[in-house]
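Each chain, letter by letter, is given below.
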Amino acid sequence: MRRLSRRKALSLVKELDAFPKVSESYVETSASGGTVSLIAFSTMALLSLLEFFVYQDTWMKYEYEVDKDFSSKLRINVDITVAMKCQHVGADILDLAETMITSGGLQYEPVVFELTPKQREWQSTLHLIQNRLREEHALQEVLYKSLLKGAPTALPPREDVFMQSPDACRIHGDLYVNKVAGNLHITVGKPIHHPQGHAHIAAFVSHESYNFSHRIDRLCFGEEIPGIINPLDGTEKITYNNNQMYQYFITVVPTRLNTYKISAETHQFSVTERERVINHTAGSHGVSGIFFKYDTSSLMVTVSEQHMPLWQFLVRLCGIIGGIYSTTGMLHSLVGFCFDIVCCRFNLGVYRRREDGMLHNQMNNLSNHQAPLLAPNALHE
């Protein structure tokens, strides 16, 4: 009884088979089918390999939300070289709440303004990358994913330190400010704070020594991440006017970066530049110097690195293999059907021509061998 029930179950399962098998004795192979199969298998292998490379790759996903953190401090990383002596320039920050941030976190280092050939080559490469970033914003994702792989983004140190006397001042360090709009400015004289505001002692500096030619080696906000190139990195401005004023209007966007290599909270920024000559007689008022006016955005950007899941890769791979197999099979059948139609018509035309010729020959033979209805003697009678 058990064997009978098993046989019935097995026969029932066989009847439900949606993939019936054809005996090999009824299968006919052809050279065209083998060629199409070879092309199909090669295409499957190529597309599967490309799909595997896509599976290994990652992409950056951008999400936006309101920044609710207003109590924390904003870190500003500065590395700027000004073509003036350190005793003649000063830097400080004044925010929107009239709070003065002294330059206690900044260091003033006497340096040579002119770059060495090695440093100039580094700066040219940085300018090239900056230009490509402005044209192709997708390159920023490459920098996000290769944070710790690339070459260092800091200016290479000088090798001939003692060969030239310093003629410039390198102002570098970091400052912590409130997350409100502010103004980082570098101008003549050291800053002092008093109840009515703040000022710079510039009375003892000769006007002929004013020179605000500068080079921005590094300016970023938030946590400093190796490998990230900021919009103002490598910027160099040269002027021959003593009353030159440079202004940079910066919008800072809080950014949370989550990749497979690093997780950090930093800030991106966009910048607009403006420069003019101070001439009070012509109506161009102001103070000569370098001014960075920044403001923080109320939105936060979350940049996370995404990877294709395994199940999606397998589904796409099955779609590639099944689609190519079905498509090539239909194309091969269609081409074979059209070829058979053309060949049948051609053979039918040949057969008809042969048949007409044979009928014409038969008629001629019949006309030549047909007997007369009356004998010649009967006609004379």
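Per an unreviewed UniProt entry, the protein chain goes by the name Endoplasmic reticulum-Golgi intermediate compartment protein and belongs to Oryzias javanicus. Of the protein chain, the UniProt comment under Function (unreviewed entry) reads exactly: "Plays a role in transport between endoplasmic reticulum and Golgi." Per UniProt, the protein chain has the following entry under Sequence similarities (unreviewed entry): "Belongs to the ERGIC family."

Caption draft 1: The arrangement of the overall build of the protein chain in detail. If you tally the helices and strands in the protein chain, you get six helices and 15 strands. Residues classed as buried in the protein chain amount to 32% of the 381 residues present. When contacts within the protein chain are restricted to residue pairs at least 6 apart in sequence, those whose partners lie at least 24 apart make up 81%. Carbon and sulfur atoms make up 60% of the accessible area of the protein chain, which amounts to about 25,300 Å² in all.

Caption draft 2: Quick look at the packing of aromatic side chains. Scanning the model with the defined rule gives seven aromatic pairs in all. Judged by centre distance (6.4 Å) and plane angle (50°), the rings of F52 and F53 are tilted. It is R215 that lies over the ring of F113; its NZ or CZ is 4.9 Å from the centre.

Caption draft 3: Layout of the side chain of Q244. By the secondary structure assignment, Q244 is in strand β12 (residues 244-258). You can call Q244 buried: its relative accessible area is 7%. Looking at Q244, its side chain comes within polar contact range of the side chain of T239, at 3.5 Å. Ignoring any residue separated from it by four or fewer positions in sequence, one finds Q244 in contact with F212, T239, E275, R276, V277, S288 and G289.

Caption draft 4: The nonpolar core, seen in detail. Counting 33 residues, the largest nonpolar core has I250, F292 and Y294 as its most contacted members. Within the residue set of this core, elements represented by two or more residues are β2 (73-82), β3 (89-95), β6 (168-178), β7 (182-188), β10 (214-222), β12 and β14 (289-296). Ranked by residue count, the leading element in this core is β2, at five residues. The residues touching I250, leaving out its near neighbours within four places in the chain, are L219, F221, L232, F269, S270, V271, F292, K293, Y294 and D295. One finds M60, L257, V301 and V303 within the second-largest nonpolar core, a separate group that totals seven residues.

Caption draft 5: Representation of the state of the cysteines in the model. Applying the stated criterion across every chain, the model contains one disulfide. Disulfide pairing is shown between C86 and C169; the S-S distance is 2.3 Å. For the disulfide bridge between C86 and C169, the dihedral angle about the S-S bond is near 105°, and by the sign convention the bridge is right-handed. Residue C86 is found in the loop between β2 and β3, and its partner C169 is found in strand β6; the two are separated by 83 residues along the sequence. For C169, a relative accessible area of 0% puts it in the buried group.

Caption draft 6: Structural view of the pattern of salt bridges. Counted under the stated rule, the structure contains 14 salt bridges. Across the pair K179 and D67 runs a salt bridge whose closest N-O atoms are separated by 3.0 Å. Of the two residues, K179 is situated in the loop between β6 and β7 and D67 in the loop between β1 (58-66) and β2; the sequence distance between them amounts to 112 residues. Residue classification places D67 among the buried residues on the basis of a relative accessible area of 4%. Residues joined in a network through salt bridges with shared partners are E114, R120, R215, D217 and E236.

Caption draft 7: Just a nonpolar patch on the surface, in detail. Side chains of L46, L47, L49, L50, F52 and F53 sit close together on the surface and give an oily, nonpolar patch of about 540 Å² of accessible area. You can call F52 partly exposed: its relative accessible area is 34%.

Caption draft 8: Region of the structure containing the side chain of H172. Along the chain, the position of H172 falls in strand β6. Note on H172: relative accessible area 15%, which makes it buried. At a separation of 3.3 Å, a polar atom in the side chain of H172 contacts the side chain of E109.

The rules we used
Residues numbered from 1 in each chain as written. Predicted model: local features only at pLDDT ≥ 70, side-chain atom pairs only at ≥ 80, totals over all residues. Heavy atoms only, no water. UniProt positions renumbered as here; feature names shortened; annotations may be inferred. Helix = DSSP H or I, 4+ residues; strand = E, 2+ residues; numbered from the N terminus. Buried < 20%, exposed > 50% of the residue type's maximum accessible area, 1.4 Å probe, protein only. Contact = heavy atoms within 4.5 Å. Areas by Shrake-Rupley, 256 points an atom, 1.4 Å probe, with all protein chains shown as cover. Phe/Tyr/Trp six-rings, centres within 6.5 Å; stacked < 30°, edge-to-face > 60°. Lys NZ or Arg CZ within 6 Å of the ring centre and 35° of its normal. Polar contact = N/O pair within 3.5 Å; in protein donor to acceptor, adjacent residues only side chain to side chain. Core = buried A, V, L, I, M, F, W, Y, C linked by side-chain atoms within 4.5 Å. Disulfide = S-S within 2.5 Å. Salt bridge = Lys/Arg side-chain N within 4 Å of Asp/Glu carboxyl O. Patch = residues over 30% accessible without salt bridge, like charges linked within 9 Å, V, L, I, M, F, W, Y side chains within 5 Å.

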